[in-house]
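Spelled out, the chains give:
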Amino acid sequence: MGRIVALDYGRVRTGIAVTDELQIIASGLTTVDTKELLNFLRKYVQEEKVEKFVIGEPKQMNNLPSESEELIKPFLRTLEGVFPKIPVERQDERFTSKMAFQTMIDSGLNKKQRRDKALVDEISATIILQAYLNRK
C-alpha cells in the first residue's frame, strides 16, 4: 500500500497531510506556498509511494460549491495531468479551519502560535484526511 496525500488547497498556501503506509493514521506533513505545490508533490512522489490524492472540497451550507472551488478546478486538471496514474478524490472540507483552530486551543498553543495560518492549513489538511479515512 502507498500513502494517501491530502491537500487543503488555498490561493496562497496549501496544507499537506499524509497517511502512514498502512493508511491508518493521518498526520500533518507541512504547508507550502501554493505556487511551489507541484514541485513539492513531484519530489514527494519520487521519494514515497503515493496511492491517492484527497483534495478538500469547499462547500456552502446548502451543499453548493463555495467560490473557492473555482480556484481548485484548474489545479485539479493540472494535478491529474502531472500524475495521471494517481487517482484524485474529494472530501468535504466544511468547518475544517474552525476545527483546526479549536484543535490548536485544545493543544494548549498560545495566541501567537494560533495566528500561524500555515499551521492552521496543515491541521486542516489532517482533518480532511482523517474524515476521508473515516468514511472508507
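Residues numbered from 1 in each chain as written. Predicted model: local features only at pLDDT ≥ 70, side-chain atom pairs only at ≥ 80, totals over all residues. Heavy atoms only, no water.

As annotated in an unreviewed UniProt entry, the protein is Putative pre-16S rRNA nuclease from Arenibacter algicola. As its UniProt record puts it under Sequence similarities (unreviewed entry), the protein is described as follows: "Belongs to the YqgF HJR family." The UniProt entry for the protein carries the following comment under Function (unreviewed entry): "Could be a nuclease involved in processing of the 5'-end of pre-16S rRNA." (UniProt positions renumbered as here; feature names shortened; annotations may be inferred.)

Engineer: Quick question: what am I supposed to make of the overall build of the protein here?
Structural biologist: A tally of regular secondary structure across the protein gives five helices and five strands. Moving toward the C terminus, one meets the helices and strands of the protein in the order β-β-β-α-β-α-β-α-α-α. In summary, the protein has a C-alpha radius of gyration of 14 Å against a globular reference of 14 Å for 136 residues, a match within 12%. For the C-alpha atoms alone, the extent of the protein along its principal axes is close to 40 × 30 × 30 Å. Counting over 136 residues, the protein shows a buried share of 43%. (Helix = DSSP H or I, 4+ residues; strand = E, 2+ residues; numbered from the N terminus. Rg over C-alpha atoms; globule rule 2.2 N^0.38 Å. Buried < 20%, exposed > 50% of the residue type's maximum accessible area, 1.4 Å probe, protein only.)

Engineer: Can you walk me through the nonpolar core in this structure?
Structural biologist: A general tendency of soluble globular proteins is for nonpolar side chains to be buried together. Membership of the largest hydrophobic core comes to 19 residues, with the highest contact counts inside it found for Val-5, Leu-41, Phe-53 and Phe-75. Among all residues touching Phe-53, those that are not within four sequence positions of it are Val-5, Leu-41, Val-45, Leu-79, Phe-83, Ile-86, Pro-87, Val-88 and Glu-89. Counting ten residues, the second-largest nonpolar core is a separate cluster that includes Ala-6, Ala-17, Ala-125 and Tyr-132. (Core = buried A, V, L, I, M, F, W, Y, C linked by side-chain atoms within 4.5 Å. Contact = heavy atoms within 4.5 Å.)

Engineer: Sorry, what's going on with unusual backbone geometry here?
Structural biologist: Leaving glycine out, the prevailing phi sign among residues is negative, and the prevailing peptide bond configuration is trans. The backbone of Gln-23 shows a phi angle near 60°, a positive value even though the residue is not glycine. Relative to the elements of secondary structure, Gln-23 occurs in the loop between strand 2 (13-19) and strand 3 (26-33).

Engineer: What's the story with the sheet that holds strand 1 (residues 3-8) in this structure? I'm lost.
Structural biologist: Sheet strands associate in pairs through backbone hydrogen bonding, adopting either a parallel or an antiparallel arrangement. One open sheet holds the five strands; their spatial order is 3-2-1-4-5, and the pairing between them is mixed. Looking at which strands have only one partner, the edges of the open sheet turn out to be strand 3 and strand 5 (88-92). Across the sheet, the mean angle from the axis of one strand to that of its neighbour is 25°, orientation sign disregarded. Where strand 1 meets strand 2, four bridges bridge the pair, whose relative direction is antiparallel. Each residue of the ladder has a partner; that of Leu-7, found in strand 2, is Ile-16. Contacts between helix 1 (residues 37-47) and the sheet are confined to strand 1, strand 2, strand 3 and strand 4 (50-57), with strand 3 contributing the most and set at about 135° to the helix. Lying over the sheet, helix 2 (residues 69-82) contacts strand 1, strand 4 and strand 5, oriented at roughly 165° with respect to strand 4. (Pairing = 2+ DSSP bridges. Axes fitted to C-alpha atoms, helices over the stretch in contact; angles between N-to-C directions.)

Engineer: Sorry if this is basic, but what is going on with the pattern of salt bridges here?
Structural biologist: For side chains bearing opposite charge, pairing can occur when the charged atoms are close. Under the defined criterion, the tally for this structure stands at seven salt bridges. Where Glu-21 meets Arg-3, a salt bridge forms, and the shortest distance between an N and an O atom there is 4.0 Å. Taken together, the residues Glu-21 in the loop between strand 2 and strand 3 and Arg-3 in strand 1 connect sequence positions 18 residues apart. For Arg-3, a relative accessible area of 17% corresponds to the buried category. A salt bridge links Glu-69 to Arg-90, with the shortest nitrogen-to-oxygen separation between them at 2.8 Å. With Glu-69 in helix 2 and Arg-90 in strand 5, this pair connects stretches of sequence that are 21 residues apart. Judged by relative accessible area, which is 6%, Glu-69 ranks as buried. (Salt bridge = Lys/Arg side-chain N within 4 Å of Asp/Glu carboxyl O.)

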